[in-house]
Amino acid sequence: MVFSKKEFAIILSKLKVFENPNPKLEQYPTDSEVASDLLWNAALNGDVEGKIIADLGAGTGILGIGALLLGAKKVYFLELDPDAIRLAEENYKKIEEEYEIGEAEFIKGDIKEFDKTSDTIIQNPPFGVQDEHADKVFLEKAFQKSKIVYSLHKTETIDFLKAISKDRGFVISHRYNYDFLLKKTMKFHTRKNERIQVSAIRFSKK
Ligand code: SAH
């Protein structure tokens, strides 16, 4: 596929997003600018083309679908919420009609039970705002199942990320910083739209 980074971002911006985001599951979609930049960098690092990839907590599938558009061989989409995974499948089918892309496998289930190995994991897990340990569970699973992990986190948690990755035999090789827009999609949000600092971290196994 030949398109520019800008065109890639536009394709991703047209995917469907959550209809009724569930605050307990921290369903904040990655916006298309962040997703396209992160995936474009992952592709430049040689972690996407021809690779088997897992998108954990896939939501409506933007990260995994983007990876397929950049030449991934196969993507596992793992998601707990049946409505989200249905949208991810719809998004995939729509893109597949228009572009020649690799295979997708949709798995409805909890992160704890995910058992597929892959070359690369690309995830935007819950940040652990609602459930303090949610991001930790995703990271630990990712470190068990892949040697290369891209994961989005609040920048302020960097010390925790350094410590947990070191413990599991991973190093932080790259860090991409973004201003993340949390849209006022959930009832408990008081301010209109909130910006938070997030970092996409590339962890690689030592
Ligand atoms: N990857 C998507 C969605 C990010 S939001 C994107 O980048 O846009 C985090 C996602 O993780 C939500 O879709 C939520 O439903 C899912 N999730 C939360 N807890 C989960 C769990 N225990 N197992 C699997 N998925 C979970």
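Refer to the preceding data block for the structure.
Bear in mind that the values here come from a model prediction, so they are computed numbers and not experimental data.

Reading guide: rules and limits
Residues numbered from 1 in each chain as written. Predicted model: local features only at pLDDT ≥ 70, side-chain atom pairs only at ≥ 80, totals over all residues. Heavy atoms only, no water. Near = heavy atom within 4 Å. Polar contact = N/O pair within 3.5 Å; in protein donor to acceptor, adjacent residues only side chain to side chain. Areas by Shrake-Rupley, 256 points an atom, 1.4 Å probe, with all protein chains shown as cover. Nonpolar A, V, L, I, M, F, W, Y, C, P; charged D, E, K, R; others polar. Axes fitted to C-alpha atoms, helices over the stretch in contact; angles between N-to-C directions. Helix = DSSP H or I, 4+ residues; strand = E, 2+ residues; numbered from the N terminus. Left-handed = near helix turned anticlockwise from the far one by under 90°. Contact = heavy atoms within 4.5 Å. Buried < 20%, exposed > 50% of the residue type's maximum accessible area, 1.4 Å probe, protein only. Lys, Arg positive; Asp, Glu negative; His and termini not counted. Salt bridge = Lys/Arg side-chain N within 4 Å of Asp/Glu carboxyl O. Pairing = 2+ DSSP bridges. Right-handed = clockwise from strand over helix to strand, strands pointing away. Arc of directions from axis to C-beta. Core = buried A, V, L, I, M, F, W, Y, C linked by side-chain atoms within 4.5 Å.

Student: Please explain the site of the ligand as it appears in this structure.
Tutor: Close to the ligand lie 21 residues, the nearest being Gln27, Thr30, Gly57, Glu79 and Ile111. Asp110 places a polar side-chain atom, nitrogen or oxygen, 3.2 Å from a nitrogen atom of the ligand. In isolation the ligand offers 570 Å² of accessible surface; the protein chains occlude 95% of this area. Residues belonging to the shell around the ligand are distributed by class as follows: 12 nonpolar, six polar and three charged.

Student: Help me understand the packing of helix α5 (residues 134-145) against helix α6 (residues 158-167) in this model?
Tutor: Pairs of packed helices are described in terms of their axes, by the angle between the two and the distance that separates them. Following both chains from N to C, one finds α5 and α6 inclined at 35°, their axes separated by 11 Å at the closest point. Seen along the crossing, α5 lies across α6 with a hand that is right-handed. Contacts from Asp135, Lys136, Leu139, Glu140 and Phe143 of α5 reach α6 at Phe160, Leu161, Ile164 and Ser165. Classifying every residue of the contact of α5 with α6 gives five nonpolar, one polar and three charged.

Student: Quick question: what am I supposed to make of unusual backbone geometry here?
Tutor: Residues other than glycine predominantly adopt negative phi, and peptide bonds predominantly adopt the trans conformation. A positive phi angle, near 50°, is found at Glu26, a position not held by glycine. The topology assignment puts Glu26 in the loop between α1 (5-13) and α2 (32-44). Owing to a relative accessible area of 7%, Glu26 belongs among the buried residues under this scheme.

Student: Is there a simple way to think about the side chain of Asp55 in this case?
Tutor: With respect to the element layout, Asp55 can be found in strand β1 (residues 52-56). Within the buried core, Asp55 has no salt-bridge partner, and the shortest N-O distance to an opposite charge, that of Lys74, equals 14 Å. At 2.9 Å, the side chain of Asp55 forms a polar contact with the backbone nitrogen of Gly64. Setting aside chain neighbours within four positions, we find Asp55 in contact with Gly61, Leu63, Gly64, Val75, Tyr76, Phe77, Leu78 and Ile122.

Student: Can you walk me through the pairing of strand β5 (residues 148-154) in this structure?
Tutor: Put simply, side chains in a regular strand alternate between the two faces of the sheet. Taken across its seven residues, β5 has six buried, putting it largely inside the fold. Bridge analysis of strand β4 (residues 120-123) against β5 gives four bridges, and the strand direction is parallel. Directly across from Ile121, in β5, lies its bridge partner Val149. Each parallel crossover has a hand, and for β4 linked through α5 to β5 it is right-handed. Strand direction decides the pairing type here: β5 and strand β7 (residues 194-205), joined by seven bridges, are antiparallel. Pairing of His153 across the sheet is with Ser199, part of β7.

Student: I would appreciate a short explanation of α1 in the present structure.
Tutor: Structurally, the α-helix is built with 3.6 residues per turn, so residues lying three or four positions apart point the same way. Taken together, the buried positions of α1 are occupied by Phe8, Ala9, Ile11 and Leu12. The arc that holds the buried residues of α1, viewed along the axis, is 160°, so those residues lie on one side. Those residues of α1 that are buried lie in contact with α2, α3 (62-69) and α4 (82-98).

Student: Help me understand the nonpolar core, please; the structure alone is not making it clear to me.
Tutor: The tendency in soluble globular proteins is for nonpolar side chains to be buried as a group. One finds Leu12, Leu38, Leu39, Leu69, Leu152 and Tyr178 to be the most contacted residues of the largest nonpolar core, which totals 39 residues. Going through the elements one at a time, α1, α2, α3, β2 (74-79), α4, β5, β6 (170-182) and β7 are the ones with two or more residues in this core. With six residues, the single largest contributor to this core is α3. Residues in contact with Leu69, not counting those within four places in the same chain, are Met1, Phe3, Phe8, Ile11, Leu12, Ile95, Tyr99 and Ile101. Core analysis: the second largest hydrophobic core is formed by 18 residues, Ala54, Val149, Leu161 and Ile164 among them.

Student: Before we go on, may I ask you to explain the pattern of salt bridges in this structure?
Tutor: Side-chain pairs of opposite charge can arise where the charged atoms are in close proximity. One pass over the structure, following the stated rule, counts 12 salt bridges. Salt-bridge contacts for Lys74 lead to Glu105; the nearest nitrogen and oxygen are separated by 2.9 Å. Of the two residues, Lys74 is situated in strand β2 and Glu105 in strand β3 (residues 103-108); the sequence distance between them amounts to 31 residues. With relative accessibility at 13%, the residue Lys74 sits in the buried group. The class for Glu105 is partly exposed, based on a relative accessible area of 26%.

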